Protein chains: 2
Amino acid sequence: MAAYQRLPFRITEELNDVANRIRLHVVTATNRAKGGHPTSCSSIAEILAVLFFQVMKYKVSILKDPCSDRLVLSKGHAALALYSVWAEVGLFATTELVNFRKFGSNFETYPTPRLSFIDVATGSPGQGLSNAAGMAYMGKYLDKANFRVYCIVGDGETCEGNFWEAVNFTSYYELDNLCLIIDVNRLGQSDQTPVGHDCDVYRRRFDAFGWHPLVVDGHSIDELCKNFHNAHLTKGKPTVLIAKTVKGKYFPDIENELHWHGKHLGERSEHVSKSIKKLIRNTAALRISHQKPAKDAVPRVHLTDIRLYSAPLYKFGDKLTTRAAFSAALVKLGQTNPRILVLDTDCKNTSYTNDFQTFDPSRFIQCFSAEQNMIGVAVGLASRGRSIVFCATYAAGLTKAFDSIRMAAISQSQINIAGIHAGVSVGEDGPCIMGLEDIALFRTIPNCVIFYPSDAISTERAVELAANYPGITYIRLTRPAVPVIYSTRQEFYIGKANLVKENIKDKILVITSGVNLACVLEAYEDLVKINIFIRVMDPFTIKPIDKDGIIKHARECNNRILVVEDHYMEGGLGEAVKSAVAGEEDMAVKHIGIKSIPSSGQSCDLFEHFGLTSTGIKNGIGELLCICNPCL
Amino acid sequence: MAAYQRLPFRITEELNDVANRIRLHVVTATNRAKGGHPTSCSSIAEILAVLFFQVMKYKVSILKDPCSDRLVLSKGHAALALYSVWAEVGLFATTELVNFRKFGSNFETYPTPRLSFIDVATGSPGQGLSNAAGMAYMGKYLDKANFRVYCIVGDGETCEGNFWEAVNFTSYYELDNLCLIIDVNRLGQSDQTPVGHDCDVYRRRFDAFGWHPLVVDGHSIDELCKNFHNAHLTKGKPTVLIAKTVKGKYFPDIENELHWHGKHLGERSEHVSKSIKKLIRNTAALRISHQKPAKDAVPRVHLTDIRLYSAPLYKFGDKLTTRAAFSAALVKLGQTNPRILVLDTDCKNTSYTNDFQTFDPSRFIQCFSAEQNMIGVAVGLASRGRSIVFCATYAAGLTKAFDSIRMAAISQSQINIAGIHAGVSVGEDGPCIMGLEDIALFRTIPNCVIFYPSDAISTERAVELAANYPGITYIRLTRPAVPVIYSTRQEFYIGKANLVKENIKDKILVITSGVNLACVLEAYEDLVKINIFIRVMDPFTIKPIDKDGIIKHARECNNRILVVEDHYMEGGLGEAVKSAVAGEEDMAVKHIGIKSIPSSGQSCDLFEHFGLTSTGIKNGIGELLCICNPCL
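As recorded in an unreviewed UniProt entry, chain A goes by transketolase and comes from Henosepilachna vigintioctopunctata. Listed in UniProt under the heading Subunit (unreviewed entry), the comment for chain A reads: "Homodimer." UniProt, in the comment section headed Sequence similarities (unreviewed entry), describes chain A in these words: "Belongs to the transketolase family."

Put into C-alpha cells, the structure is as follows:
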C-alpha cells in the first residue's frame with residue numbers, strides 16, 4: 001500500500017462541508033421529531049465524512065455486497081448521523097430524514113436492518129464491536145477477502161463488559177482488518193465517563209490488550225485520514241483510533257456541556273443551524289466520490305436446503321445424550337455445507353463440539369468464557385448471508401448473553417444457539433450450572449424456534465431444521481443419557497408435536513420433553529397395569545407450540561392436561577401449554593416443574609424432590625383424574 | 001503498618017502443610033463424590049493457607065461478623081478447597097467433607113450462603129469481583145471500617161466482560177481495601193486461556209486500568225505473604241496479585257496437563273494422595289492461628305421496619321410518571337433510614353434517581369454503563385445485612401445482567417431493582433430501549449416479588465414494601481405519565497390485587513397494570529354507556545400473583561378474563577394469570593400484548609398497532625362476550 005499522501009486542501013474542505021451538512025440534517029430532523037441525539041451525532045460527523053468519502057469501499061447500488069467494507073455503528077443512538085451520511089452519498093434524498101422516529105418509517109431512533117444499508121441492529125451499549133469482530137473474522141479467515149470492517153463506539157459504552165470481551169477476542173485472533181473508532185466525547189448520558197478526555201488511558205488499555213492504539217483529533221479531517229491509512233498498514237493486530245471529540249461540536253453554548261444528551265435543540269435550533277451554515281464553504285455539488293470494492297472478491301456461498309450428510313442412525317432404546325447427537329449432527333451438516341461454523345465458550349468437552357473442531361478446525365471458533373461476545377460474533381459471522389452459525393454453551397450461561405440474543409432478533413439475524421446442561425438433571429453441579437429459565441428467556445424472542453428434543457434422533461433432526469430456519473433458534477440439551485424413542489424414519493416439523501403413546505381409552509394428555517419423558521413412560525407402564533391410559537405427547541418445539549395438536553388431543557382426553565418439565569414453573573413448557581389452551585373452555589392444566597432453587601445432588605434425588613419421578617407423575621395424574629371422577 | 005518481616009521457617013513449613021492437607025482433603029472428597037474440581041482446588045491451596053492463617057482477620061465464632069475481612073471465591077468451582085481450609089481452621093471436622101455434592105448436604109459443588117461461612121454464591125464465571133467491590137465500597141465509604149476484602153478469580157473467567165466492568169469500578173472508586181488474586185493456572189475447562197502463563201500481560205492490563213499489579217509465585221508461601229503485605233500498604237488503588245500457579249499442583253502426571261478440569265482422580269487418587277502425604281512435614285497440631293478483627297469496628301445498622309418519611313400525597317387524577325414517584329419514595333426512605341443506597345448506570349436523569357443523589361450524594365453510587373457489575377456490587381453492598389440497595393436502570397438493560405440477578409437469588413441476597421422504560425409505551429426510542437421481556441425474566445427468579453405499580457401512590461408503597469422484603473424485588477416503571485387512581489389512604493400488600501372498577505353486573509374481569517390501565521378505563525366508560533360492565537383489576541404485584549382474588553372475581557364475572565399488558569405475550573402478566581387459573585374449570589382467558597418486535601413511533605400509534613387502545617380492548621371484550629352470548 002502506498003505511503004500516506006496529505007489530502008489536497010480542496011478535498012479537506014469538502015469533507016468538512018460534508019460533516020457540517022450532517023450536523024445540519026441532524027439538527028433539523030431531531031428538532032422536527034422533538035427527540036433524538038443531536039449532540040452525539042455531532043461528535044462523529046467528521047469521522048463519518050472521512051469513512052464514507054475517503055476510507056470505505058462500497059457500492060450504493062449493491063448495499064450488502066459481500067465484497068464491501070462494513071461499518072457497525074455501535075453507538076446506535078447516533079443513527080441519524082449515519083442516515084445523514086447515506087443521504088449525502090446519494091442513497092436517498094435528505095428530505096426523507098423528516099420521517100425520523102415516525103411510526104411506519106424505518107428511520108428509527110436506533111438503526112435496524114429494516115433499513116437496507118444496516119447489517120446489524122445497534123443501540124444496546126457495548127455490543128457493536130462483537131458484531132464487527134464476527135464480520136472481520138469472516139473476512140480474514142473464511143472469505144479470505146480484503147474487505148475491512150469499521151466500528152464506531154461511544155466512550156460511555158466502553159464501560160460495558162461485552163466491549164472488553166470483544167476487545168480481547170479481536171486481538172487474540174489478530175483481526176488486523178478491523179478498525180475501531182472510539183468517539184471520546186467525554187460525556188455519557190448523565191455524567192462524565194470515568195475516563196473523561198484522558199485519551200492516554202484508553203491508549204494504555206488497548207496497548208495492554210494487544211491492539212495498535214492511535215490517539216487522534218476526531219474533528220480533524222487530515223488526522224483522521226492519516227490514521228485510517230496507518231490502520232490499514234497495520235498487520236497482526238487490530239487498530240483503534242481513539243478520537244478525541246466534542247459532544248455537540250459546533251453547537252454554540254451546547255458543545256461539551258453535560259445535560260444535552262438525547263435532547264433536540266428546541267428554540268436553540270435556529271441559532272445553531274445558522275452557526276453551522278456559516279462553516280460550510282462550498283454549497284455546490286460534491287466533487288469527491290467514494291471508493292468501490294473489487295468485484296467477486298469473496299467466494300460464493302449457498303446457505304439453503306442444508307441437509308445432514310446421513311440420516312440419524314440410532315437403535316431404538318439405546319441410551320445416549322442429546323449433546324452427543326447434537327455434536328454428531330453438526331459434523332454431518334459440516335460435511336454437506338462448507339459454511340457451517342461452530343462457536344464455543346471453553347466448554348467443547350461438555351457440549352462435545354470438540355468433535356466438530358477435530359472434523360474441521362478452520363470452522364470452529366473458540367470464544368473462551370465470554371458468552372455475550374460469542375453471540376455478537378455469531379451475528380457478525382452470519383451477516384450478509386455468509387454462514388450458518390451454531391453457538392454452544394451452558395444453558396445457564398446464556399443468561400449472561402440475553403441482551404445480545406434480544407438484539408440479534410432485532411438484527412433479524414439467523415443464528416442457532418444450543419444450551420447444554422439445562423434443568424436439575426445436571427445433578428451434583430448444583431443450581432449455579434442448571435439452566436432453569438432458558439425456555440422462558442427464548443420464548444420472549446419473537447419468531448424464535450425452541451427445540452427441546454427428547455432423544456438422539458429428534459436432536460439430529462432439530463439441528464438440521466435449525467440450520468435452515470431463517471431466524472434465531474434455541475436447542476435445549478441435557479446432561480444425562482436418554483433412550484432413543486423414535487424410529488430413524490420419523491419425520492419432524494417445527495411446530496408439530498409427536499405422540500409417543502396413544503390409545504382410544506386415554507384419560508389424560510401428558511405433555512413432556514427431554515429427560516422427563518423416561519419417567520412419564522415409566523408411569524405409563526404402571527398405569528396401564530391398572531387400566532389407566534394416558535396419552536403422551538412430545539412437543540418437539542416449545543416455540544412455536546403445537547396449539548392445534550394440543551387442543552385436539554386434550555379434547556380426546558377429557559380436556560385434562562398434565563405438563564411435566566425440568567424448568568422453573570414460569571415461562572416454560574407449562575405456560576406455553578396454558579397459553580395454547582387459555583381460550584378454550586373446560587380445559588384443566590396441571591403442571592409439575594421446579595418450584596424453588598435446587599441444590600447439588602444426584603438427579604434422581606432432585607427429580608424426587610420436585611415430583612418429577614414416575615411416582616410424582618402418577619400422583620399428578622391421580623389428582624387430575626379426581627377432578628373428573630372423585631371415586632377413582 | 002510495620003515493614004514486612006520474613007516468616008520464620010517453622011511457620012512457612014506449617015503453611016505449606018496446611019496447603020497440602022487441603023490437597024489431600026480435596027483428592028479424597030472428590031474421589032468419594034466421583035466429581036468436583038480437584039486440579040482447580042490444588043492451584044489455590046497455598047493462597048488459601050496464607051489468607052486464612054496469616055492475612056485475613058476473622059472470628060470462627062462469629063462467622064458473619066461485619067468487622068471481619070471478607071473473602072469471595074469467584075472461581076466457585078474450587079469450593080472444596082475453601083471448605084477444606086475452613087475445616088483446617090476448625091469450623092467443622094474434616095470428616096464432614098465426605099458429604100460433598102450429596103443431596104441434602106450444603107457442601108455443594110459451588111458455594112452458596114446455605115453454608116454459614118459463605119456471603120455470596122459464586123461459580124458463574126466473572127461475577128465475584130463485583131460482589132467483592134460492593135463489600136469493599138461498603139467498608140471504605142459507608143462503614144468507614146478497616147476490614148479488607150479478598151477475592152480469588154480463575155484466569156479463565158478474566159475473559160468475562162463482567163470481570164472488566166468490576167476491574168474498572170474498583171479502581172475508579174480507589175478501593176484500596178480490596179485485594180484481588182488471579183489464579184493464573186493457565187488452563188481453562190477445555191483449552192489454554194488466551195493469556196496462558198504470560199503474567200506480564202495481566203500486569204500491563206491491570207496497570208492500565210489503574211490497579212497496583214504484583215506478579216507472584218502462587219505456590220510460594222513467602223512470596224504470597226510478602227505481597228499481601230505490600231497490598232495492605234498500597235493506598236489509593238486496589239492491588240491484584242497475579243499468582244502464577246499450576247493446575248493440579250503436586251498431582252504427579254496430572255499437574256499442568258489439559259483435560260483434567262472437573263474430574264476426580266479415580267484410580268490415580270491413591271498414588272496422588274501418597275505423593276502429597278510425603279510433602280507434609282509435620283502431622284502434629286497446628287501451632288499457628290489466625291488474626292482476629294477489632295471489636296465494634298463498624299457502625300450498627302437497623303434494616304427492619306423501614307418506612308416512608310411521609311405518606312404519598314398526590315391528587316386523584318393528577319398525571320405523573322411512576323419513575324418520578326419511585327424517585328420521591330427513595331428520598332423518603334433515605335430520610336428515615338441512613339442505610340438506603342441507590343445505584344445508577346448513567347441514567348439517573350431518566351430514572352430521576354439524581355434526586356436521591358442531590359439529597360445525599362454519599363449514598364448514591366454511579367456504576368456507569370455496566371449493568372452486570374451494578375447488580376454484583378449491590379449484592380456485595382447488601383451482604384452481611386449492611387444496607388438496603390435500590391438499583392435503577394433501563395428494563396431492557398437488565399437483560400444484560402440477568403445472570404447476575406439469577407446468582408443474586410442463589411446468594412439469598414436482598415436487593416431491589418427498578419427497570420425504567422418498560423414496554424412499547426417508551427415510544428420513539430424503539431425496540432432497542434423497550435423492556436418487553438422483563439416480567440418474564442423476573443418471574444423465573446424464585447421468591448422474587450415483581451411490583452408493577454399503576455400510579456404514583458402505588459409506586460411509593462411498592463418502594464416501601466420492597467425495602468422491607470427479604471429477597472429480590474423488581475419494580476417495573478414506565479415512561480409516560482399516568483393519572484393517580486388511588487386514594488392516599490389506600491393500603492397495598494404483596495400478592496394482593498386491587499379492584500379499580502366493580503359492579504354486580506360485571507361480565508368480564510379485565511386485569512391490567514401500569515400504562516394500560518388508562519385505556520382500559522376509557523373502554524370501561526364507553527361500555528357503561530351501552531350497559532356493559534367490566535370489573536377492572538390492578539394486580540399490583542405480578543409475582544406473587546393474587547391467585548385467590550383472580551379466581552374469586554373471575555367466578556363473579558362469568559369465568560371470563562381479559563388480560564391487557566405492554567409486554568411480550570410470553571412469560572408476563574398474561575401467563576401469570578393463565579397459570580393462576582389453569583387448574584380451574586370453565587375459565588377462558590383472552591390476552592392482548594406485544595406479538596412482534598415493535599418499531600419507533602408515538603406510543604399511541606404503537607398501542608393502536610398492538611391492540612392496546614380502548615378500541616382494541618373493547619374488541620377483545622366483545623370477542624370474549626360472544627363466547628358466552630353470541631347474540632350480544
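After presenting the structure, the write-up continues.
A. Quick look at the overall build of chain A. The helix and strand tally for chain A stands at 21 helices and 19 strands. Relative to a compact globule of 632 residues, whose C-alpha radius of gyration would be 26 Å, chain A shows 28 Å and is just as compact. Projecting the C-alpha coordinates of chain A onto the three principal axes gives extents of approximately 95 × 50 × 40 Å. Accessible surface for chain A amounts to roughly 20200 Å². Of this, 49% is attributable to carbon and sulfur atoms. Charge-centre separation for chain A: the mean point of 69 positive side chains lies 5 Å from the mean point of 66 negative side chains.

B. The domain arrangement of chain A, seen in detail. Residue and element names in this part refer to chain A. In terms of domains, chain A is made up of domain 1 (15-277), domain 2 (319-483) and domain 3 (498-628). One C-alpha centre belongs to domain 2, the other to domain 3; they are set 26 Å apart. At the interface, 35 residues of domain 2 touch 33 residues of domain 3. Surface buried jointly by domain 2 and domain 3 totals about 2400 Å² across both partners, of which 63% is contributed by carbon and sulfur atoms. Summed over the shared surface of domain 2 and domain 3, the number is zero salt bridges.

C. How the structure looks around the UniProt feature "domain: Transketolase-like pyrimidine-binding" (unreviewed entry) in chain A. The sites that UniProt annotates as "domain: Transketolase-like pyrimidine-binding" (unreviewed entry) are residues 320-484 of chain A. Its end C-alpha atoms 8 Å apart, residues 320-484 of chain A is made of 39% helix and 19% strand.

D. Highlighting the packing of aromatic side chains. Applying the stated criterion to the full structure yields 55 aromatic pairs over all chains. The interplanar angle of 65 degrees and the centroid separation of 6.1 Å between the aromatic rings of Phe163(A) and Phe206(A) together place this pair among those described as edge-to-face. Here Phe163(A), found in helix H6 (residues 161-172), pairs with Phe206(A), found in helix H7 (residues 199-208); they are 43 residues apart in sequence, far enough to count as distant. Pair check on accessibility: Phe163(A) and Phe206(A) agree, each one buried. With centroids separated by 5.0 Å and ring planes inclined at 75 degrees, the aromatic side chains of Trp164(A) and Phe209(B) adopt a geometry described as edge-to-face. Pair noted here: Trp164(A) is in helix H6 and Phe209(B) is in the loop between helix H7 (199-208) and strand S4 (212-217), and the two residues belong to different chains.

E. Just the sheet that holds strand S18 (residues 560-568) of chain A, in detail. Residue and element names in this part refer to chain A. Taken in spatial order, the five strands line up as S14-S16-S15-S18-S19 in an open sheet, and their pairing is mixed. The sheet terminates laterally at strand S14 (498-501) and strand S19 (588-594), the two strands that pair on one side only. The average angle at which neighbouring strand axes cross in this sheet is 25 degrees, direction not considered. Judged from the three bridges that link them, S14 and strand S16 (residues 533-538) form a sheet pairing that is antiparallel.

F. Geometry of the relation of the copies chain A and chain B. Structural alignment of chain A on chain B gives an RMSD of 0.0 Å, achieved by rotating through 180 degrees and translating 0.0 Å along the axis. Put plainly, the chains are arranged around a two-fold axis. For chain A, the residue whose C-alpha comes nearest the rotation axis is Gly161(A), separated from it by 1.7 Å. Take the interface residues of chain A: 100% of them recur as interface residues in chain B, which is what a same-surface contact looks like.

G. Quick look at the side chain of Asn162(A). For Asn162(A), the location among the structural elements is in helix H6. If we skip the residues at most four places from it in the chain, Asn162(A) touches Gly126(A), Gln127(A), Ser130(A), Gln372(A), Asn373(A), Ser404(A) and Gly161(B).

H. Focus on the interface of chain A and chain B. With 95 residues of chain A in contact, the opposing surface of chain B contributes 95 residues. A combined buried area of about 8100 Å² lies between chain A and chain B, and 51% of that area is made up of carbon and sulfur atoms. Of all residues in chain A, Phe103(A), Gln189(A) and Lys400(A) give up the largest surface area on contact with chain B, accounting jointly for 9% of the area buried on that side. Taken together, the connections running from chain A to chain B amount to twelve salt bridges.

I. Highlighting the packing of helix H1 (residues 9-33) of chain B against helix H4 (residues 79-89) of chain B. Residue and element names in this part refer to chain B. Orientation of H1 relative to H4, taken along the N-to-C sense of each, is 125 degrees, at an axis distance of 9 Å. In this view, H1 runs oblique relative to H4, as classed from their interaxial angle. Crossing of H1 against H4: the hand is right-handed. Residues Val18, Arg21, Ile22, His25, Val26, Ala29 and Thr30 of H1 pack against Leu80, Ala81, Ser84, Val85 and Glu88 of H4.

J. Representation of the environment of Thr345(A). Residue and element names in this part refer to chain A. Its place among the elements puts Thr345 in the loop between strand S7 (340-344) and helix H11 (348-351). In the structure, Thr345 is positioned 24 residues away from Ser369 in sequence and 4.9 Å away in space, judged by C-alpha atoms. Beyond its immediate stretch of four places on either side in the chain, Thr345 contacts Gln366, Phe368, Ser369, Ala370, Glu371, Met374, Ala392 and Thr393. Here Thr393 takes part through its side chain, which lies 2.7 Å from a polar atom of the side chain of Thr345.

K. Region of interest: the pattern of salt bridges. Under the defined criterion, the tally for this structure stands at 68 salt bridges over all chains. Of the charged contacts, one joins Arg386(B) and Asp143(B) as a salt bridge, the two residues approaching to 2.9 Å between their closest N and O atoms. Of this pair, Arg386(B) sits in the loop between helix H13 (371-382) and strand S9 (388-394) while Asp143(B) sits in the loop between helix H5 (128-142) and strand S2 (149-154), and the two are 243 residues apart along the sequence. A single burial state applies to Arg386(B) and to Asp143(B), both of which are buried. The salt bridge partner of Asp200(B) is Arg204(B), with a shortest N-O separation of 3.4 Å. A residue pair is termed a helical-turn pair when its members lie 3 or 4 positions apart in one helix, as Asp200(B) and Arg204(B) do in helix H7 at four residues. Owing to a relative accessible area of 32%, Arg204(B) belongs among the partly exposed residues under this scheme. Several salt bridges converge on common partners, so that one network encompasses Glu502(A), Asp506(A), Arg535(A), Lys552(A) and Glu556(A).

L. Quick look at the packing of H6(A) against helix H13 (residues 371-382) of chain A. Residues and elements named next belong to chain A. Where H6 contacts H13, the two axes come as close as 8 Å, and the packing angle between them is 70 degrees. As summarised for this structure, H6 and H13 are arranged roughly perpendicular, according to the angle between their axes. In this structure, the crossing between H6 and H13 has a hand that is right-handed. Every residue of H13 that contacts H6 at Gly161, Asn162, Glu165, Ala166 and Phe169 is listed here: Glu371, Gln372, Asn373 and Val377. Looking at the contact of H6 with H13 residue by residue, the class counts come to three nonpolar, four polar and two charged.

The rules behind these values
- Residues numbered from 1 in each chain as written.
- Chains lettered and ligands numbered in written order.
- Predicted model: local features only at pLDDT ≥ 70, side-chain atom pairs only at ≥ 80, totals over all residues.
- Heavy atoms only, no water.
- UniProt positions renumbered as here; feature names shortened; annotations may be inferred.
- Helix = DSSP H or I, 4+ residues; strand = E, 2+ residues; numbered from the N terminus.
- Rg over C-alpha atoms; globule rule 2.2 N^0.38 Å.
- Areas by Shrake-Rupley, 256 points an atom, 1.4 Å probe, with all protein chains shown as cover.
- Lys, Arg positive; Asp, Glu negative; His and termini not counted.
- Charge placed at Lys NZ, Arg CZ, Asp CG, Glu CD.
- Domains from an automatic or database assignment.
- Contact = heavy atoms within 4.5 Å.
- Buried area = accessible area lost by both parts, 1.4 Å probe.
- Salt bridge = Lys/Arg side-chain N within 4 Å of Asp/Glu carboxyl O.
- Phe/Tyr/Trp six-rings, centres within 6.5 Å; stacked < 30°, edge-to-face > 60°.
- Buried < 20%, exposed > 50% of the residue type's maximum accessible area, 1.4 Å probe, protein only.
- Pairing = 2+ DSSP bridges.
- Axes fitted to C-alpha atoms, helices over the stretch in contact; angles between N-to-C directions.
- Least-squares fit on C-alpha atoms with pLDDT ≥ 70 in both.
- Parallel < 35°, antiparallel > 145°, perpendicular 65-115°, else oblique.
- Left-handed = near helix turned anticlockwise from the far one by under 90°.
- Polar contact = N/O pair within 3.5 Å; in protein donor to acceptor, adjacent residues only side chain to side chain.
- Nonpolar A, V, L, I, M, F, W, Y, C, P; charged D, E, K, R; others polar.

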